[in-house]
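# Remarks on the overall topology
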Amino acid sequence: MTEPRRIPLTLLPTPMHRLDRLSDDLGVDLWIKRDDLTGFAMGGNKGRKLEYLMAEAQTQRATTVVSCGSTQSNFIRQLGAACAMLGMRCAAAVCDLPFEPPFEPAGEGLPSQGGNVLLDEMLGVELHWSPNQTWTELYARADALADERQQRGETVYRIPIGGSSGLGAYAFYQAGQEALAQGPEFDAVVTATSSGSTQAGLHRAFSEAGVRLIGIAADPEPDLGEDIAAVSAKLDALWGQSPKFNAHDFEVDVTFAQPAYGVPSATGNAAIELMARAEGIFLDPIYSGKAFAGLLAMVQRGELEGRILFWHTGGTPSLFAHP
Ligand SMILES: *Cc1c(COP(=O)(O)O)cnc(C)c1O
């Protein structure tokens, strides 16, 4: 493969440092990778993916980019900023709480105002909102939106949810290399996971280095490993390789996603407070807070020890979406 084209948007490498107080409290050697500080459009993991995705959109001379997500999507916010910068329109199909049957949205999700939505409006993103839908219905609505724009004569670049294409995963393969070059040797790395390209890309990098990678899911769906394997296969295809990993190769814990995708949890909120008070670092209620709650539980159960890297994927603007 020739190196994919990249438009620099983020400030790399993101910092990596030890969490001294939490390490003392928990009895492990705990480090953090600060992808909340990617810098672009308030940071978060999506900036890395957008560098490659937007380069491809530009190569294809796209006039409109179409994607989808939850109304408070961090991806749509960063995508909106990249589109505005590069002179492309950004249209997104959204709903507040996309869900996977048989699970249903339970409890209060984040509102469809404030937080990321405020930033989307500032950036001129077209949000096409609908009441709660299944993920499948949401993807279909994004397709219909893209078809409609194409019929109007626009050149449309379609991006799957969360930017999880082969290129999105490639960005995280690079991120894994960045971390390996930067830090000491880790026994395990823990990240939030959802649409799959963060875990797929990191998995490829860390498994090559013999480091265990654990994804703590933001969605309760038990077959998330299949989705991640599918994204991983797209990454392998970029290299002209057949799929290297199966669903069972990915360590995914879905138990911390409760009560539902997009709905904050009590353990996630407690983990956010612990991180803020011990280290002055803010996590978010939908992804990184739940992921850190998973890390804490695994340490307490003796399932994680030694030197651990917590990959902070960002998402802090959604803290301000709370009523
Ligand atoms: C999108 C997102 C994730 C999940 O990353 P995927 O690549 O979609 O699995 C994790 N944390 C935050 C803050 C996110 O916005």
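In what follows, the structure referred to is the one given above.
Residues numbered from 1 in each chain as written. Predicted model: local features only at pLDDT ≥ 70, side-chain atom pairs only at ≥ 80, totals over all residues. Heavy atoms only, no water.

## A few points about the packing of helix α9 (residues 266-279) against helix α10 (residues 288-300)
In the contact formed by α9 and α10, the axes pass within 7 Å of each other and the chain directions differ by 85°. Between α9 and α10, the crossing angle belongs to the class labelled roughly perpendicular. Residue-level inspection shows Thr267, Gly268, Ala271, Ile272, Leu274 and Met275 of α9 in contact with α10, the latter providing Gly289, Lys290, Phe292, Ala293 and Leu296. Residue classes in the contact of α9 with α10 are distributed as seven nonpolar, three polar and one charged. (Axes fitted to C-alpha atoms, helices over the stretch in contact; angles between N-to-C directions. Helix = DSSP H or I, 4+ residues; strand = E, 2+ residues; numbered from the N terminus. Parallel < 35°, antiparallel > 145°, perpendicular 65-115°, else oblique. Contact = heavy atoms within 4.5 Å. Nonpolar A, V, L, I, M, F, W, Y, C, P; charged D, E, K, R; others polar.)

## A look at helix α2 (residues 46-59)
The first and last C-alpha atoms of α2 sit 20 Å apart over 14 residues, in line with the 20 Å expected at 1.5 Å per residue. Counting buried positions along α2 gives eleven out of 14 residues, so the element sits mostly inside the fold. Of all the positions in α2, only Lys46, Gly47, Arg48, Lys49, Leu50, Glu51, Tyr52, Leu53, Met54, Ala55 and Ala57 are classed as buried. (Expected span 1.5 Å × (residues − 1). Buried < 20%, exposed > 50% of the residue type's maximum accessible area, 1.4 Å probe, protein only.)

## Quick word on the packing of aromatic side chains
Applying the stated criterion across every chain, the model contains ten aromatic pairs. Ring centres of Phe245 and Phe250 lie 5.8 Å apart, and the angle between their planes is 65°; on these two criteria the pair is classed as edge-to-face. The same class applies to Phe245 as to Phe250, namely buried. One cation-aromatic arrangement involves Arg48 over Phe172; the distance from NZ or CZ to the ring centre is 5.9 Å. (Phe/Tyr/Trp six-rings, centres within 6.5 Å; stacked < 30°, edge-to-face > 60°. Lys NZ or Arg CZ within 6 Å of the ring centre and 35° of its normal.)

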